[in-house]
Amino acid sequence: MQKKSILASTYWMVIVAGFVTGMGNGSVFGAALMCWMGRGNMQDWGGVGSGSYIPTTFNGLMTFWMLLFGLAFTLMLALAMQRHDIVENGHRY
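So what exactly am I meant to see when it comes to the overall build of the protein here?
The helix and strand inventory of the protein stands at 3 helices and 0 strands. When the elements of the protein are put in sequence order from the N terminus, they spell out α-α-α. Taking 12 Å as the expected radius of gyration for a compact globule of 93 residues, we find that the protein reaches 18 Å, considerably beyond that expectation. With the C-alpha coordinates aligned to their principal axes, the bounding extent of the protein is approximately 60 × 25 × 15 Å. Looking at the 93 residues of the protein, the share that counts as buried comes to 29%. Intrachain contacts of the protein at a sequence separation of at least 6 include 62% that bridge at least 24 residues.

Okay, structure coming up:
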C-alpha cells in the first residue's frame, strides 16, 4: 500500500487555512487602502448583495483584495506542503 502524499492528506486544511489566513490579511490591507484613498471616484458603496463583489465599488475593492490574498496564501501553503512532502517522503511531482 502506497502512502498518501502530505498535500493529498491535507487538501481541505490547505484550502481552509490558506483562505482564512489570506482573507484576514487581505481585510487589513483592504481597510488600510480604504482609509488611505477614501471614497475617491467611487460613487457606489457596493455593500448590498452582489455589489460587494464588484471591484469598482467601495466595498467591492476590499472584497477583491481579500479574495486575492486568500488565493495567494492558499497557493503558498500548497507549495509549502508539496515541498515538505518531497523532504519527508521523497515524493516527486
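Would you take a moment to explain the nonpolar core for this structure?
Taken as a class, soluble globular proteins show a tendency for nonpolar side chains to be buried jointly. Of all hydrophobic cores here, the largest spans 7 residues; its members are Leu33, Met34, Met42, Phe58, Leu61, Met62 and Met66. Per-element accounting of this core gives the leading share, 4 residues, to helix 3 (residues 58-89). Excluding anything up to four places from it in sequence, Leu33 contacts Leu61 and Trp65.

Could you clarify how one ought to interpret helix 3 in this entry?
Residue pairs three or four apart in sequence face the same way in an α-helix, which turns once every 3.6 residues. Helix length check: helix 3, at 32 residues, gives a terminal C-alpha distance of 47 Å against a target of 46 Å (1.5 Å per residue), a fit within 8%. What helix 3 keeps buried is the set Phe58, Asn59, Gly60, Leu61, Met62, Thr63, Met66, Gly70, Thr74, Met81 and Asp85. In the core, the buried residues of helix 3 are packed alongside helix 1 (6-9) and helix 2 (11-37). Gly90, located one to two residues past helix 3, shows a positive phi value of around 75°.

I keep staring at the environment of Asn25 and nothing clicks. Help me out?
Mapping Asn25 onto the fold places it in helix 2. For Asn25, a relative accessible area of 34% gives the class partly exposed. Placed 48 residues apart in sequence, Asn25 and Phe73 show a C-alpha to C-alpha distance of 9.5 Å. The residues contacting Asn25, other than those within four sequence positions of it, are Phe69 and Phe73.

Please clarify how the packing of helix 2 against helix 3 should be interpreted in this entry.
If you want to describe how two helices pack, look at the angle between their axes and the distance between the axes. At a closest axis distance of 6 Å, the pairing of helix 2 and helix 3 adopts a crossing angle of 145°. For helix 2 against helix 3, the interelement crossing comes out right-handed. Residues that form the contact of helix 2 with helix 3 fall into these classes: 23 nonpolar, 9 polar and no charged.

Conventions we followed
- Residues numbered from 1 in each chain as written.
- Predicted model: local features only at pLDDT ≥ 70, side-chain atom pairs only at ≥ 80, totals over all residues.
- Heavy atoms only, no water.
- Helix = DSSP H or I, 4+ residues; strand = E, 2+ residues; numbered from the N terminus.
- Rg over C-alpha atoms; globule rule 2.2 N^0.38 Å.
- Buried < 20%, exposed > 50% of the residue type's maximum accessible area, 1.4 Å probe, protein only.
- Contact = heavy atoms within 4.5 Å.
- Core = buried A, V, L, I, M, F, W, Y, C linked by side-chain atoms within 4.5 Å.
- Expected span 1.5 Å × (residues − 1).
- Axes fitted to C-alpha atoms, helices over the stretch in contact; angles between N-to-C directions.
- Left-handed = near helix turned anticlockwise from the far one by under 90°.
- Nonpolar A, V, L, I, M, F, W, Y, C, P; charged D, E, K, R; others polar.

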